[in-house]
Amino acid sequence: MTLHLPAPGGTTRAYHPRTEPLPLTAGAPFTSRVVFSAAHVVADPYADVTPDGPAAVDWDATLAFRRHLWSHGLGVAEAMDTAQRGMGLDWAGAAELIRRSAAEAKAAGGRIACGVGTDQLSATAIGYPYSLDQVRAAYEEQLAVCEESGARAILMASRALCAVAEGPEDYLEVYGHLLRQSAEPVILHWLGPMFDPALEGYWGSTDLDAATRTFLDVIAAHPDKVDGIKVSLLDARREVELRRRLPDGVRCYTGDDFHYPELIAGDDQGFSHALLGIFDPLGPLAAEAVRTLDTGHVGAFRALLDPTVELSRHLFQAPTRYYKTGVVLLAWLAGHQSHFTMVGGLQSARSLPHLARAYELADGLGLFPDPALAESRMKHLLTVHGVAQ
């Protein structure tokens, strides 16, 4: 079979899909790395909703996808930006997602950590007219929901805190308060402005060296309350330098979707664990690679994972915050959901050429369990967009 994919200048080019998937099966639990996939939510395509209204979630398909990840040994990082927090899924929806997924994790014996933020405090026409106490209270409300569900908390970067904090001391105060009251160690999340422009200057400075010092000060004051840090700055050198400065027992979870193979593999001074959005579509392949790494075969690990970087860089290209459109496309093509509809209407956030290239790269890697199904669905998508087949 041949697909005609869009090419520059209004033309098409022929692509011949592969006929066999990469053989990937579930295996033993990981022993050398802790690995989370930031999982997407599946929208309900039958719901009569608008992009700015409350999200309608297909709970059966959403939870089934989490069971798929757990079956391959991956942990689920729930209610993170992949699940469209702040881009279609409000706090009420996220709280329900946390409760449902945590209950499912308990039943399945799966690892889960959940995002805790302040998205009850939405921006107004004049920005974020909130006090530091209100920001802290919003975090506390979400932390309580997460802890009551039995999940590990991930303290996410807050748009509201970034807007109202007057300097590093405000971050130290808010995070210090949250860490003191947390029942279990948490994961601290540093999300860069390439993922969310509203987080420019997080930790009280646009100077990344100064911001890093504040971040480390937060950890140093409460090392027993920090399980690890998730760093999403797309800067491998900075992540390596940061992880070498962490207190003993505090993990570094890479969130770098551009350099994850080398960061997970590590060097003679350490390595990163993983909490990655790209491990949503790469789940089974990533699991196979980590199990290979568990045996000490770094070269074989890199041979499996390095070829996936081109796909990841494509999905996460600027504007990076729209990477989840490609993630959901690949879930649909792989048969994990019956449609290509997204919360907030974000299926329209990427161009057809971008989506076609994502299909081509994923197919080349053998990610689709049923290549014929993926080909058929891609053909329908192309036809709807006017690309004759």
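Note: the structure precedes this text.
Quick look at the structure, then. Everything numeric here is computed off the predicted structure, so don't read it as measured data.

1. Regarding the pairing of strand β4 (residues 75-78)
Consecutive residues of a regular strand have side chains that alternate between opposite faces of the sheet.
Link 1 in the chain: Every second residue of β4 is oriented toward a common face, with Gly75 and Ala77 on one face and Val76 and Glu78 on the other, all of them buried.
Link 2 in the chain: Bridge count between strand β3 (residues 35-38) and β4: three bridges; the pairing is parallel. Paired with Ser37 across the two strands is Val76, which belongs to β4.
Link 3 in the chain: In terms of handedness, the path from β3 via helix α1 (residues 59-71) over to β4 forms a crossover that is right-handed.
Link 4 in the chain: Bridge analysis of β4 against strand β5 (residues 112-116) gives three bridges, and the strand direction is parallel. For Glu78, the partnering residue across the bridge sits in β5 and is Cys114.

2. Points about unusual backbone geometry
Link 1 in the chain: The omega angle of the peptide bond from Ala318 to Pro319 is -5°, so this bond is cis rather than trans.
Link 2 in the chain: Counting through the fold element by element, Pro319 comes out in the loop between α11 (309-315) and α12 (323-333).
Link 3 in the chain: Unusually for a residue other than glycine, Ala79 sits at a positive phi of about 55°.
Link 4 in the chain: Note that Ala79 resides in the loop between β4 and α2 (91-108).
Link 5 in the chain: Its relative accessible area of 0% is what places Ala79 among the buried residues.
Link 6 in the chain: Unlike most non-glycine residues, Gln84 shows phi in positive territory, near 70°.

Criteria and cut-off values
Residues numbered from 1 in each chain as written. Predicted model: local features only at pLDDT ≥ 70, side-chain atom pairs only at ≥ 80, totals over all residues. Heavy atoms only, no water. Buried < 20%, exposed > 50% of the residue type's maximum accessible area, 1.4 Å probe, protein only. Helix = DSSP H or I, 4+ residues; strand = E, 2+ residues; numbered from the N terminus. Pairing = 2+ DSSP bridges. Right-handed = clockwise from strand over helix to strand, strands pointing away.

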